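Each chain, letter by letter, is given below.
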Amino acid sequence: MNSAAFIVTAIFTVAAALAAATLRKLMHAALSFAVALVGVAALFFLLGAEFVGLALVFIYIGAVAVLIVFTILLTRRDVGRNRGFNWGGALVAVAVFGSLTWSILKTQSLAIIAPHMPALTVKQIGAALMTTYVWPLQCVGLLLTAALIGALILVMEEKR
Amino acid sequence: MSKSTDQVFLNAKQWLLSWLAGSPTWMVQVVSSLINIFTLLAVFLTLFALMSVLERKILARMQNRYGPNRVGPFGLFQPIADGIKMLIKEDIVPMRADKIVHFLAPILIAAVAILTLGVIPYGRNMTPFTIDGGILFFFAVGSATELAVFMAGWGSNNKYSMLGAMRAIAQMISYELPLIISVLPVVMVVGSLTPDRIVAAQAEYTFGLVPRWFVFTPWGAAAFILFFVSGLVESNRTPFDVPEGESEIVAGHMTEYSGFKYATFFMAEYLGMFAVSGLGITLFLGGWHAPVRMLEFIPSYIWFFAKLSALLFVYVWVRGTLPRIRVDQMMNFAWKFMLPLAFTCIIAAAAWHYCRRGARGWLWSFLVIAIVYTALSMLLDTKRKFAPRVYRFAE
Amino acid sequence: MTPTLQVFLIVSAALFSIGLLAALSRRHAIFILIGIEMMLAAANVNFIAFWRFGPQHQPPIGVMIALFSIAIAAAEAAVGLAMVIAVYRHYHTTNVDQLDQLKG
């Protein structure tokens, strides 16, 4: 694993995520959220899980980001009003980050480097999905169908 | 002899890399990737330039006129004139437009189109980047096109652009499903997402004459037609060019773009066409294999580009023949016809595989597709829903 | 210097707390949803990092959990955004401070 690639990717991802959380305009925040997700996919590639990275790009950027920008478009009545930033939330977030980092750095058993492993092929993931994880797979299918129907019913215009 | 002409580009690249014999491995990898990237860009940008003039000439011939024929022999230097025109045009950005988003949209759409070209096998051992989930990479990166179209429409701060972008995204999302599901039978039968493996699975010939391409099976033919039509829609080509129909919505999401940025959108559309055709050739038409065993001495990349030219000719042919389809007709077609038929192709491929791929498998898969197709055509019949057309003439 | 597991976990913690920042300190409903999705992505990074640096099981458990988590996050985003649109249609606002009809 290349440390230069990791540092560049990590800084890129965290910067894009910060932009997504603090930008004033909603559309810019949504687009930098998509950029942050590209960074997370790059992190997955570095960690050797290419299939999960590609699935993330496909599902999150191809679908969830498009959904978010569409919803921003459809709910645009009060744009431009300066809404306040809740500084209490920022304090909580900094506190959470501080405590997590302190506990990570305290745990010495986590200071390990990556062991050599054979590359994870799509065949292995497919075999696992169809043998050990076949029940969760069917349940996720049912869940996605339920979410699809539920979302449709929520936004359907009612017949007067 | 034919082996060396087949691998001539690989040998050239190895010779170039031998100049770096003593460098560290990462540098050799980077230079190798850069050589791949530059070759890919050179080939496909030249093909784009050629295609832009050839399309106009072929369309013109279908409409009983000459195309551009003044610049150079038979008008083939027309792209140079077009390029100079696009480059010297003034770059107008609307005053209230969102500058960053407006600037990034054409860059993103062109980058996405070029990225998808990198996983297609162009010849024997000639895939630029071998990724284990190559087909998934293609679709994952291609799905970022929608976001780029939305950025173009929204960043222009223009109601027509926004409307055009919404229509374009609705069209692209609706047809992305049949596109991907029609690829699933091939992936299922081969058992791998790697394009190289899929091409290698179509290598044999029955009786030395008929190749074992997937398009020559019932489910493969149906899936190829679905894939081709969805590819037409994804590149916003006539008859599905509602997003950029000049008579309807000016230029849709590309209205506020002038000069080089418009040329970038144009280039991204054509490169998307090349990428989808290349993927169709890889999945259904046997990749770089020859049609008959006799002709295997012709290099593999020549076969690939011959098939690509045939598919691009069909693209232009369809553009010159069919009128534009209405938006609601297009959506109905996608959700009510193509999606069920795409699911049927999966079942037909499974039937073919489990009858051990013989004549019985052919029969069963053909029956499955024929039954579903007939049922769909009877259920979606619109003749009874609209009144018969009455012609009134001036008296 | 190859990155250790701690560095990956710190990156994941940073992403998680940025998502928490977006979810807690903004008043627009869609911002809160963006924050929630960011937190889910950070948790996925955590899972994959532990899978990579840990003993390799067959089947790869961390990868499976991350895949299912991505699918469930997509479903939840769809339903959440549908709710935002439905609420906007009724109350004509997306400011969560003004959605307090159930307050005692």
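Colleague: Mind showing me how you'd approach the overall build of chain C here?
Modeller: Each helix and strand in chain C was counted, giving three helices and zero strands. Computed over its C-alpha atoms, the radius of gyration of chain C comes to 18 Å, more than 25% above the 13 Å expected for a compact globule of 104 residues. Projected onto the principal axes, the alpha-carbon positions of chain C cover approximately 50 × 30 × 25 Å. Within chain C, the proportion of its 104 residues that are buried is 62%. Summarising the internal contacts of chain C: among those between residues at least 6 apart in sequence, 55% fall at separations of at least 24.

Colleague: Quick question: what am I supposed to make of the packing of helix 11 (residues 218-234) of chain B against helix 13 (residues 260-283) of chain B here?
Modeller: Residues and elements named next belong to chain B. One can describe the packing of helix 11 onto helix 13 by two numbers: an axis separation of 10 Å at closest approach and a directional angle of 170 degrees. Between helix 11 and helix 13, the angle is such that the two are roughly antiparallel. Residue-level contacts link Phe224, Phe227 and Gly231 of helix 11 to Val276, Leu279, Gly280 and Leu283 of helix 13. For the contact of helix 11 with helix 13, the per-class residue count stands at five nonpolar, two polar and no charged.

Colleague: What am I meant to see in the arrangement of the chains here?
Modeller: Pairwise contact counts over the two pairs of chains in contact peak for chains A and C. What separates chain B from chain C at the closest point of their C-alpha atoms is a distance of 14 Å, and the two make no contact.

Colleague: Help me out: how do you make sense of the interface of chain B and chain A in this one?
Modeller: In many analyses, interface size is given as the accessible surface area lost on bringing the parts together. Contact with chain B, which involves 22 residues of that partner, is made by 22 residues of chain A. Carbon and sulfur atoms supply 81% of the area buried between chain B and chain A, which totals about 1900 Å² over both sides. When residues of chain B are sorted by the area they lose upon contact with chain A, Leu136, Leu147 and Trp154 of chain B head the list and together hold 28% of the total. The interface formed by chain B and chain A includes one salt bridge. At the level of elements, helix 6 (134-142), helix 7 (144-155) and helix 8 (159-181) of chain B are the ones that each hand at least two residues to the side of chain B that touches chain A. In terms of residue count, helix 8 of chain B provides more of the side of chain B that touches chain A than any other element does, six residues in total. Class assignment for the residues of the side of chain B that touches chain A results in 15 nonpolar, three polar and four charged.

Colleague: Even after reading the chapter, I still don't get the interface of chain C and chain A, so can you show me in this structure?
Modeller: Contacts between the two partners involve 73 residues from chain C, matched on the other side by 81 residues from chain A. In total, about 7100 Å² of surface goes out of reach between chain C and chain A, with carbon and sulfur atoms giving 79% of it. If you sort the residues of chain C by the area they bury against chain A, Gln6, Arg52 and Phe68 of chain C come out on top, with a joint share of 9%. Our count for the chain C to chain A interface comes out at zero salt bridges. Our enumeration of links across chain C and chain A arrives at seven residue pairs in polar contact (both at pLDDT 80 or more). When contributions to the side of chain C that touches chain A are tallied by element, the ones reaching two or more residues are helix 1 (5-25), helix 2 (29-53) and helix 3 (61-91) of chain C. Here the element with the most residues in the side of chain C that touches chain A is helix 3 of chain C; it accounts for 23 residues. Grouping the amino acids of the side of chain C that touches chain A by side-chain chemistry returns 53 nonpolar, 15 polar and five charged.

Cut-offs and rules
Residues numbered from 1 in each chain as written. Chains lettered and ligands numbered in written order. Predicted model: local features only at pLDDT ≥ 70, side-chain atom pairs only at ≥ 80, totals over all residues. Heavy atoms only, no water. Helix = DSSP H or I, 4+ residues; strand = E, 2+ residues; numbered from the N terminus. Rg over C-alpha atoms; globule rule 2.2 N^0.38 Å. Buried < 20%, exposed > 50% of the residue type's maximum accessible area, 1.4 Å probe, protein only. Contact = heavy atoms within 4.5 Å. Axes fitted to C-alpha atoms, helices over the stretch in contact; angles between N-to-C directions. Parallel < 35°, antiparallel > 145°, perpendicular 65-115°, else oblique. Nonpolar A, V, L, I, M, F, W, Y, C, P; charged D, E, K, R; others polar. Buried area = accessible area lost by both parts, 1.4 Å probe. Salt bridge = Lys/Arg side-chain N within 4 Å of Asp/Glu carboxyl O. Polar contact = N/O pair within 3.5 Å; in protein donor to acceptor, adjacent residues only side chain to side chain.

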